[in-house]
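# Working through the structure, step by step
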Amino acid sequence: MRTPMIVANWKMHKTSVEAAQFIQALLSKDLNSERDIAVCGPFTTLTILQQQFDDSNIFYGSQNMHWEESGAYTGEISTSMLLEVGCQIVILGHSERRQYFNETDDTVNKKVKAALETMLTPIICVGETLELRKNEKTLEHVTSQVKAALVGVDKNDYTKLVFAYEPIWAIGTGETATAGQAQEVHAAIRKIVGDDTRILYGGSVKPDNISELMQQPDIDGALVGGASLEVETFAEIINYK
Ligand code: PEP
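In this report, we go over the structure that sits alongside the text. A quick note: this is a predicted structure, and the numbers were derived from the prediction, not measured.

Cut-offs applied
Residues numbered from 1 in each chain as written. Predicted model: local features only at pLDDT ≥ 70, side-chain atom pairs only at ≥ 80, totals over all residues. Heavy atoms only, no water. Buried < 20%, exposed > 50% of the residue type's maximum accessible area, 1.4 Å probe, protein only. Helix = DSSP H or I, 4+ residues; strand = E, 2+ residues; numbered from the N terminus. Pairing = 2+ DSSP bridges. Right-handed = clockwise from strand over helix to strand, strands pointing away. Axes fitted to C-alpha atoms, helices over the stretch in contact; angles between N-to-C directions. Parallel < 35°, antiparallel > 145°, perpendicular 65-115°, else oblique. Contact = heavy atoms within 4.5 Å. Nonpolar A, V, L, I, M, F, W, Y, C, P; charged D, E, K, R; others polar. Phe/Tyr/Trp six-rings, centres within 6.5 Å; stacked < 30°, edge-to-face > 60°. Lys NZ or Arg CZ within 6 Å of the ring centre and 35° of its normal. Near = heavy atom within 4 Å. Polar contact = N/O pair within 3.5 Å; in protein donor to acceptor, adjacent residues only side chain to side chain. Areas by Shrake-Rupley, 256 points an atom, 1.4 Å probe, with all protein chains shown as cover. Core = buried A, V, L, I, M, F, W, Y, C linked by side-chain atoms within 4.5 Å. Expected span 1.5 Å × (residues − 1). Arc of directions from axis to C-beta.

Bringing the pairing of strand β6 (residues 162-165) into the picture now. A two-sided burial pattern is seen for β6, the buried positions comprising Val 162 and Ala 164 on one face and Phe 163 and Tyr 165 on the other. Where strand β5 (residues 121-126) lies against β6, four bridges are found, and the strand directions are parallel. Each bridged residue has a counterpart across the sheet, and for Ile 124 the counterpart in β6 is Phe 163. Two elements, β6 and strand β7 (residues 198-202), share four bridges in a ladder whose sense is parallel. Paired with Phe 163 across the two strands is Ile 199, which belongs to β7. After leaving β6, the chain enters helix α8 (residues 179-193) and then returns to the sheet as β7, a path that is right-handed.

This is the structure:
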């Protein structure tokens, strides 16, 4: 049984004060308890998430990390630093990091293995550009990203991972993959990772498209960017019917 999972990716949004206000408002909502809920905030919000989510069943984490435990890596953060503030999850290989910060399949793989040595659950992002989709290279590209992330990972550990299929052309654009397009890619990822690994969809998820996406057999949840910044819309997505 794969528990549905709804994850907020705040990207570079929200100060600590804004994060605290958001969480207080979120916790005052009636949220479906049969879903795993998580918030991935900027590093400076993590202690706030720790304090505010203390008595709740909401998970939280960061949007990146380094694979080394410590060292001369200016601007980076390690697994133990994230664990120290109670993080349970970490987003890895988001397309914005691949596009703007030189994240590669190889660095994603190193980070996945480093996270697995700890209690952190990695959410590994994969997805194709519009050009690759137009050239009918989507499945080839996405499955190659998934396999690259899994190099050297024990198959028994696949259940500790979460994948997020995020077509780059649908991120922050208001354009969503159709449920059928998303399901096709999720099914291809499923063949590699097996039945017990959750695969989220990300790319302009909104209250009005989440239900149809969640009806697909291989879509186990959503990674939500823009629509996770407002409590009302995020709560509506969590409580999809
Ligand atoms: C994301 O940042 O992972 C994302 C899917 O963003 P948005 O929902 O804004 O498209």
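The rest of the description comes next.
Okay, the packing of helix α5 (residues 105-116) against helix α7 (residues 138-149) next. Following both chains from N to C, one finds α5 and α7 inclined at 45 degrees, their axes separated by 8 Å at the closest point. Judged on the interaxial angle alone, α7 and α5 are oblique. Every residue of α7 that contacts α5 at Asp 105, Val 108, Asn 109 and Val 112 is listed here: Gln 145, Ala 148 and Ala 149. Per-class residue counts for the contact of α5 with α7 are four nonpolar, two polar and one charged.

With that out of the way, let us pick up the packing of aromatic side chains. Across all of its chains, the model carries five aromatic pairs by this definition. Between Trp 10 and Phe 22, the aromatic rings sit 5.0 Å apart at their centres with planes inclined by 80 degrees, giving edge-to-face as the arrangement. You can see Trp 10 sitting in the loop between β1 (5-9) and α1 (16-27) and its partner Phe 22 sitting in helix α1, a full 12 residues away along the chain. For Trp 10, a relative accessible area of 0% gives the class buried. Both rings, one in Phe 22 and one in Phe 234, keep their centres 6.3 Å apart while their planes meet at 40 degrees; by these two values the pair is tilted. Taken together, the positions of Phe 22 in helix α1 and Phe 234 in helix α10 (residues 231-238) put the pair 212 residues apart, joining distant regions of the chain. The exposure class of Phe 22 is buried, given its relative accessible area of 4%. For Phe 234, a relative accessible area of 0% translates into the label buried. Taken together, the aromatic side chains of Trp 10, Phe 22 and Phe 234 make up a single cluster linked through ring pairs. For Lys 14, the ring lying beneath its charged end belongs to Trp 10, and the centroid distance is 5.4 Å. One cation-aromatic arrangement involves Arg 35 over Tyr 240; the distance from NZ or CZ to the ring centre is 3.7 Å.

Our focus in this paragraph is the site of the ligand. Every one of the 14 residues lining the ligand counts as a neighbour, but Lys 11, Glu 166, Gly 172, Ser 204 and Gly 226 are closest to it. Gly 172 places a polar main-chain atom, nitrogen or oxygen, 2.7 Å from an oxygen atom of the ligand. In this structure, Ser 204 approaches the ligand through a main-chain N or O atom, which is 2.8 Å from an oxygen atom. Here the ligand loses 96% of its free accessible area of 300 Å² to cover by the protein chains. Residues that form the shell around the ligand fall into these classes: four nonpolar, eight polar and two charged.

Turning our eyes to something else, we now look at the nonpolar core. Soluble, globular proteins show a tendency: their nonpolar side chains are buried together. Ile 6, Leu 26, Met 65, Phe 163, Ile 189, Tyr 201 and Phe 234 are the most contacted members of the largest nonpolar core, which has 65 residues in total. Excluding its chain neighbours within four sequence positions, the residues that come into contact with Met 65 are Glu 76, Ile 77, Thr 79, Leu 82, Val 90, Leu 92, Lys 111, Ala 114, Ala 115 and Leu 120.

Looking now at α1. Taking 1.5 Å of rise per residue, 12 residues should cover 16 Å, and α1 covers 16 Å from first to last C-alpha, within 8% of that figure. Of all the residues in α1, the buried ones are Ala 19, Ala 20, Phe 22, Ile 23 and Leu 26. With its buried residues spanning 165 degrees around the axis, α1 presents them on a single face. Across from the buried face of α1, at angles greater than 90 degrees, the exposed residues are Val 17, Gln 21 and Gln 24. In this structure, the buried residues of α1 make contact with α2 (46-52) and α10.

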